[in-house]
Each structure stands twice: as C-alpha cells, then as structure tokens.
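Tertiary structure, described
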Amino acid sequence: MPSGAKLVVEAIRREGVKAIFGIPGLSNMPIYDELIEYLREEEIKHILMKHEQGAAHAADGYARVSGSPGVCTATSGPGALNLVTGLATAYWDNSPVVAITGQVPRASMGRKSFQEADVVGVMQHIAKYVVEIREATEIPLWIKNAFYIALTGKPGPVVVDIPRDLLSTNVDSVEWPEKPVVKGYKVFKSVINPNDVMRAVKILLEAEKPIILVGAGVFWSNASDEVLKLSELLVCPIVSTLLGKAAIPHDYPLYLGVMGYYGRAEANMAFLESDVVLVVGARLSDRTLPSFNDLVSSDKKLIVVNIDPTDVMKLPVKVDVKIYGDAKEVLKMLIDAVLGLGRKVGRVEWVSRVKELKNYYSRYYYRDDGYGLKPWKVLKTIRDVLPRDAIVTTGVGQHQMIAMNFWEVLEPRTFLTSGGIGTMGFGLPAAIGAKVARPDKVVVDIDGDGSFLMTMNNLATTIDYNIPVIVVIFDNRSLGLVRQVQQLFFKGRIVGVDFGSSPDYVKLAESFGALGFDVSDYNDLRKAFKVALSEGVTSVIRVPIMRDEYALPTLPPGGSLKEVIVCVQGKNC
Amino acid sequence: MFRGRIVRVVCYYRDASLLEMIISTFRKLLIDIDWVYGRKVSDDGLYEVVLGVRDSRNFKTAVLDLSNTVNVEVVEVLGDSEGGNYITNESINGNEVVKIYIPKTDIKECYSWGEVCG
Ligand SMILES: Cc1ncc(C[n+]2csc(CCOP(=O)(O)OP(=O)(O)O)c2C)c(N)n1
Ligand SMILES: [Mg+2]
C-alpha cells in the first residue's frame, strides 16, 4: 500500500518531471524519503537549493527555458513562506511552476504549532491556484490538476499543500487519473474568427506606418518564427516588451528593441509615430505603456491578439480588431491571409524613417568617454565570446535595464528576467534552473551587486551539483537604479543605496569553490570568459561599473513615451 | 433598490478559500462590500455567492479578474429593479439578528473565462 508521499513522487514522475528544486524539513520529509528510490534510478534529480526563494526561481528558470513546468518543494512554515517571492515572480511572468509544500499534521492545525503557516491564505494571492489536500487518495488527481492548471490558459504557479499526516497515510486503492478534473476552470477558447483575421490584415496592408508589439505571449507560444515571417511579409518593424525581447533574434533588421519605461528611444518613437499597432501577446502594462494618453491622443488603429480576452477587455482604449487565441495559431492565420491576398507592400519611407530613428539614437547610446567600463561595451564584449544560443538571466536594476536595451538575444528563449514584478535575486537561481533544463547550453547571469547578494548563497549549489554557470556582477557598489532615480527625480538626495567595500567578490567566489575574476578592462573580461568557458566550472566575474553611470533611456515617473530621456546631466550627451 | 452593484458568482467549492478569493478580489481593488450571501446549490459543490458592492472605477476589473479565478464558473453582473426586499429574522428575543437583502434582479452581463454572455 503506497503512502501519500509515494503517491506525490510517483504522480510527478508520471507528469514527466526530471528535476525538483527544494529544501527538506519536517513536513515534506516523507516526500524526500520516497524520492530516494527515484534518485537512485536517476529518474528524477533533486537539487538542494540554499534558500527556498532560490528553489522557486530555479523552477521558474527551468520552466521558461524548457516550456514545461518547473517543480519546487519546501517544508511547512518558514520553508513555504520563503517560496512566496519566487512564486509571485512566476505568477507575474506567467511561468508554469508547481510547488509542493508540506503542512503540519491536521491534528496540530490552528495551535500555532511548530512551523505552521497558513499557506493557502498566504499563497492564494500570489499564485494561480493553491490547493490544500484533504485526503491522501486525492493526491494523484490533484498533482495532475496542478500541472494542468500551471501549464494551460495563461500559465502560472500552482501550490499543492499537503498535511504531513496525509503523506504518511497508506492508501489501499490508487486511481491514476487519465485526465485532470478541475471544476470551475476553463482553458481560454481559441476561436479565431476568419473575418477578424481578414479585417486585421486589410488594416495592416493599408497602413503607412504599421508596427508589431511583441509580448511574452509570443515567447510562451513559441511563435518567434511566425512573428518574423509576418513582419517580413508586411515589411513591418517590431518593438517588444521586456519579456517579449526573448522571442526576437535581434539581428533581425526590423527589430527596434524594447519599448516602454526604460526602453529604447527609437522603439518608443516608432510606436508613437506608427498608424497601426498589432499587439501580440502583450497586455500593455504600465512598464510598456506608462501613460495610456499616448494611445488615446493618437488616431492609431489597434489590433490586439491575446489568449486572454479579459486582458483586452481591461484596456482603457478603443481596440479596432480583437483576436482571442494562441499567438502562434493567430499569426499563422494572419500570414496565410496576407499570402492569400498576394499583395506586396513596399513601405520604403517607413522603413527608412525607422532606420533613421535607430541611427539617430545610436549616437547617444554607444559612447565611451574613457571614464570606467561602459555597460553597453561590457555586454558587447560578452556577446562576442558567447555562442548564439547562450542563455542569459538578470537581476533587477540598472544592469537589467541595460541588458534589456543592449544585450543581443540571438535565439528565442535565451533571455530570462523578472519583468512583471521586478524581483532582485532572480538571476542566479534562475540561471541554475536554466542550466538544469539545458545542460548543453552556456548560461550566464548578468547581475547587479545588490541583486546577486540576495540569492548568491546558491553558488554552493552550482558547485555541489556541478551546474556550471557564469555570473557577471555589474559592481557599482550601489543599488544603482534606485540611486539613479534619487539623482534624477528626488533632487539628488542620495540615501540608503550605497554599499561599502564588502564583500570581495573574488574571495567570495573562491570560498564557494567557484572561480573568481576581477577585471579592469575589456580584454580582461574576454580572458576571464575564455577561462570560465573552458574550465566549465561556476565562475564569478566582477566588472567594476562607475556608481554614477545611468541606465538610459528613461522616462520621468508616470511620463509619456514622448518624454523619453536619452541624455541627462552630461551622461550620454 | 440597492444603490451599489450586485454580482452573482457561480462557483465550485473546494474549501472555504473560495469565499476568501471572491471577497479579496474586491478588497484588492479597494472596493467595499455592503452585503454578501451565499449558499450551496448542488451536491457536487456548486455554490452561488451574491454580493452587493459599492460602485467603483475598478468594478469591471474586479469582475473580469473574478471570472478568471480557478473554481469560478461564471460571474454575473445583476441589475436591481424595484422590488427587492429584506428578509429579517427577529426570532431571538425580538432582536433582529439576520437581515438579508434579496434583490429583484436580472442579468445584465456575465463573464466566464474570457467568454462574455448575457
Ligand atoms: C527584492 C527587491 N527589493 C527591492 C527592489 C527595489 N529595487 C529595484 S532596482 C534596485 C537596485 C538594484 O541594485 P543592483 O542589483 O545592484 O543593480 P544596479 O541597479 O546597481 O545595476 C532596488 C533596490 C526590488 N526590485 N526587488
Ligand atoms: Mg548595483
């Protein structure tokens, strides 16, 4: 008679899970005990993380790279609570993660017993769904349901909370469900009306200055090829959101970069100047479009493709054509419709205007005054030594905004960042998850010093489990992005952002058994990467960045895209 | 007649967190709730929860979010016509202990996982 814990492990194996990121404790120990057999048979790997936040980010990174749900586990109370930030990060970015948490035995509940925490109460607001298991017999079905909910519709994290007594209960008859059964849950219908497709295509063909805005939906539906094809056929430039960036190879000549708050000025300007916007898989968040006035005040036509109709219903602007469906499917239909009409478009003027914008703003971006290492040049140096398909993760801050604008993604799904909720500390654990999902790829975490310090304890995991990743620390001894905002918008009143001389990143890396590099010029950086790549061991490369470097372009808080700041206080001017 | 907005949520009960989720959808959008009642409708766990909430610019967002919440089958926005009434129960020592407003309603719009009905 299998125990509840055995059912948990067998159920996740049946879902095709290859790796679990977690930390054991009293309440999930029965699961670990059952896991032993699977580890021995090498059916599943367990990666012991150093903090549960890292476990959730690693599962998230795994999911973003593989497209399959990432799995993490934690014990009750503090263990489960430590998952919160990681799960919220996955929720905001629609990443399918399944978290399995142990809970105190049912008889102990409500007594402030040891390591008791109301996981349902806490998690239900930061996850797509949380289920508390009531009977051991329902474990197989609810694990299946959890994977189903996590991966379908708009993906997101699901938490399965299991009281310890149920993990130890033996079940005499086990039913392995073939299909999930979740009452009151529906996968969004992809009912694409051919008339809408045709209307959209006509508007796009007749447009003088159309643009495609690519969001995370293109990433999740693996629709990169389709979006490029449509752009080519329509001779239509592309801009993206931060998460949509990962869907577009940047050597595509009509890609202008990420638009929005810290986005590329040419992307913002092209968006403003366009007469038709085709939005694919983006919800027009406040980061992408800080002020809806930019849409309201124009007579642009808006075509929106989204799998979730409620995202479109929430838009406070008029949408000319709404198409509800999976991005890949809709894009294919749009392509077929364009081909079917057989009309060719030239758009020479628009393309040359877009190129003009690109060239114009490049003059501001690629400057080198010889004062310290320039972040854009650091990224370029790294790009040149990495294979096309290297995966990059980031922390949150200036370095992230700089990577958003200057890291060249060359293959889809190779750029992972916390876009929706902006979680510092995402970089290293997400890199671990990415490397576990794709051990064949080079994985690099481009991190800020502040972000790295939040989850750097997981360096130990990369050594213990031989998960070699390369961490590049943009070391400005500061919470740079906050400092920049204080400098620009709080009258230069700098407070609570500067670090002292601690730590020494090389010694820190070495203490973990990683390689540590301190670079002082681009050549050093190149050399450090060569060694890191050839040694195949986790490496930490500290790149000094001046504390007063800015991440530009930016906007004033709540500002319009028109107010994009490309040069300020002598920076980039 | 109730001056706020009336919402009927048809949903499946797994545990009482269902009610928390419904209520918090309004709470998260700073919408106040004047009254609420709910009941089990069928043995397979179908519930209906009816809420009277204050009108708000966030009302539509709340309804849409609720209509995309796991376990929620459909969310109806009800119109309240004249003739709704209060049922009160004054049985304990003559004190009014239960007061439920039963609106006389018709469905204005309804939402279910991206589908619009009504
Ligand atoms: C967990 C968390 N805490 C606080 C913030 C607010 N915040 C945004 S950027 C930033 C500074 C990040 O510093 P660092 O990682 O060193 O990056 P830099 O801006 O210096 O490149 C802070 C504190 C956040 N996004 N996440
Ligand atoms: Mg920093």
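Being a predicted model, the structure only gives us computed values, none of them experimental. Per chain, the residues get numbers from 1 upward, laid out in the order the sequence is written. Working convention: letters from A go to chains and numbers from 1 go to ligands, in the order in which they are written. Per-residue local features of the predicted model are confined to residues with pLDDT of at least 70, and side-chain atom pairs are confined, for both listing and counting, to 80 or more; whole-chain, interface and lining totals are unaffected and use all residues. Think of the side-chain values as coming from all heavy atoms in the structure, minus any hydrogens and water.

A short note on helix H7 (residues 139-151) of chain A
Residue and element names in this part refer to chain A. Stated precisely, the cut-off is as follows: Each helix corresponds to a stretch of at least 4 residues labelled H or I by DSSP, and each strand to a stretch of at least 2 residues labelled E; elements are numbered beginning at the N terminus. Helix span, expected: 1.5 Å multiplied by one less than the number of residues in the helix. Only protein chains enter the calculation, and the probe is 1.4 Å; a residue is then buried if its accessible area is under 20% of its type maximum, exposed if over 50%, and partly exposed in between. We call two residues contacting when some pair of their heavy atoms lies within 4.5 Å.
Compared with the 18 Å implied by 1.5 Å per residue over 13 residues, the 18 Å span of H7 between its first and last C-alpha is a close match. Across the 13 residues that make up H7, a large majority, ten, are buried. Inspection of H7 places Ile139, Pro140, Trp142, Ile143, Lys144, Asn145, Ala146, Phe147, Ile149 and Ala150 among the buried residues, and these make up the whole buried set. Buried residues belonging to H7 abut helix H1 (4-14), strand S3 (70-74), strand S4 (97-103), strand S5 (129-132) and strand S6 (158-163). Backbone geometry just after H7 places Gly153 at a positive phi near 60 degrees.

Points about the interface of chain B and chain A
The line we're drawing: A 1.4 Å probe defines the accessible area here, and the buried area is the portion of it lost by two parts on being joined, summed over both. We count a salt bridge whenever a side-chain nitrogen from Lys or Arg sits within 4 Å of a carboxyl oxygen from Asp or Glu. Polar contact is the term for a pair of N or O atoms within 3.5 Å; when the atoms are in protein, one must be able to donate a hydrogen and the other to accept it, and sequence-neighboring residues count only if both atoms are side-chain atoms.
With 26 residues of chain B at the contact, the number on the chain A side is 24 residues. Roughly 2,200 Å² is buried in total at the junction of chain B and chain A, and carbon and sulfur atoms are behind 54% of that figure. If you sort the residues of chain B by the area they bury against chain A, Arg14, Val70 and Trp113 of chain B come out on top, with a joint share of 33%. Linking chain B with chain A are four salt bridges, by the criterion used here. Notably, a salt bridge pairs Lys186 of chain A with Glu73 of chain B, separated by 3.9 Å at the nearest N-O pair. Linking chain B to chain A there are 14 residue pairs in polar contact (both at pLDDT 80 or more). Of all the secondary structure elements, the ones that give two or more residues to the side of chain B that touches chain A are helix H1 (17-27), helix H2 (59-66), strand S4 (72-89), strand S5 (98-112) and strand S6 (115-117) of chain B.

Some words on the pattern of salt bridges
This structure, assessed with the given rule, holds 38 salt bridges over all chains. For Glu115 of chain B, the salt bridge goes to Lys189 of chain A, with nearest N and O atoms at 3.4 Å. Of the two residues, Glu115 of chain B is situated in strand S6 and Lys189 of chain A in the loop between helix H8 (164-168) and helix H9 (194-206); the pairing between them involves two chains. Judged by its relative accessible area of 31%, Glu115 of chain B falls in the partly exposed class. In this structure Lys189 of chain A comes out as partly exposed when scored by relative accessible area, which is 48%. In this structure, Glu273 of chain A engages Arg353 of chain A in a salt bridge whose closest nitrogen and oxygen atoms are separated by 2.6 Å. With Glu273 of chain A in helix H12 (residues 265-273) and Arg353 of chain A in helix H16 (residues 348-365), this pair connects stretches of sequence that are 80 residues apart. A relative accessible area of 24% places Glu273 of chain A in the partly exposed class.

Re the nonpolar core
Residue and element names in this part refer to chain A. Put simply, the test is: Residue types Ala, Val, Leu, Ile, Met, Phe, Trp, Tyr and Cys, when buried and joined through side-chain atoms within 4.5 Å, form a set referred to as a nonpolar core.
Formed by 166 residues in total, the largest nonpolar core has its most connected members in Phe21, Trp407 and Phe529. Setting aside residues up to four positions removed in sequence, Phe529 forms contacts with Ile382, Val385, Leu386, Val444, Ile470, Val472 and Ile541. The next biggest cluster of nonpolar side chains, apart from the first, holds 38 residues, and it includes Val98, Ile100, Val158 and Val171.

A short note on the coordination of the magnesium ion (ligand 2)
Residue and element names in this part refer to chain A. Here is the rule we go by: Metal-coordinating donors are taken as N, O and S atoms lying within 2.8 Å of the metal, or within 3.2 Å when the metal is Na, K or Ca; because water is left out, some sites can appear incomplete.
For the magnesium ion (ligand 2), every protein donor is listed as Asp449 (OD), Asn476 (OD1) and Ser478 (O), and the spread of their distances is 2.0 to 2.1 Å. Considered as a linear motif, the donors of the magnesium ion (ligand 2) on their single chain read D-x26-N-x1-S. Classification of Asn476 as buried rests on a relative accessible area of 7%.

Side note on the domain arrangement of chain A
All names here are of chain A. Keep this limit in mind: Here the limits of each domain have been adopted from an automatic or database domain assignment. Side-chain classes follow a simple rule in which Ala, Val, Leu, Ile, Met, Phe, Trp, Tyr, Cys and Pro form the nonpolar group, Asp, Glu, Lys and Arg form the charged group, and the remainder, Gly included, forms the polar group.
For chain A, the domain assignment lists domain 1 (4-167), domain 2 (194-358) and domain 3 (372-545). Distance between the C-alpha centres of domain 1 and domain 3: 28 Å. Where domain 1 abuts domain 3, roughly 2,000 Å² becomes buried across the two surfaces, and 68% of that area is made up of carbon and sulfur atoms. When residues of domain 1 are sorted by the area they lose upon contact with domain 3, Lys50, Arg64 and Val65 head the list and together hold 31% of the total. The tally of links between domain 1 and domain 3 comes to zero salt bridges. The tally of links between domain 1 and domain 3 comes to nine residue pairs in polar contact (both at pLDDT 80 or more). In terms of residue count, the dominant contributor to the side of domain 1 that touches domain 3 is helix H3 (residues 52-66) (eleven residues). Residues belonging to the side of domain 1 that touches domain 3 are distributed by class as follows: eleven nonpolar, ten polar and four charged.

Details of the pairing of strand S15 (residues 443-448) of chain A
Residue and element names in this part refer to chain A. Put simply, the rule is: A pair of strands is considered paired only if DSSP assigns at least 2 bridges between the two.
Most of S15 is tucked away, with six of its six residues classed as buried. Judged from the four bridges that link them, strand S13 (residues 391-394) and S15 form a sheet pairing that is parallel. Bridging from a neighbouring strand, Thr394 pairs with Ile446 of S15. Strand direction decides the pairing type here: S15 and strand S16 (residues 470-475), joined by five bridges, are parallel. Directly across from Ile446, in S16, lies its bridge partner Val472.

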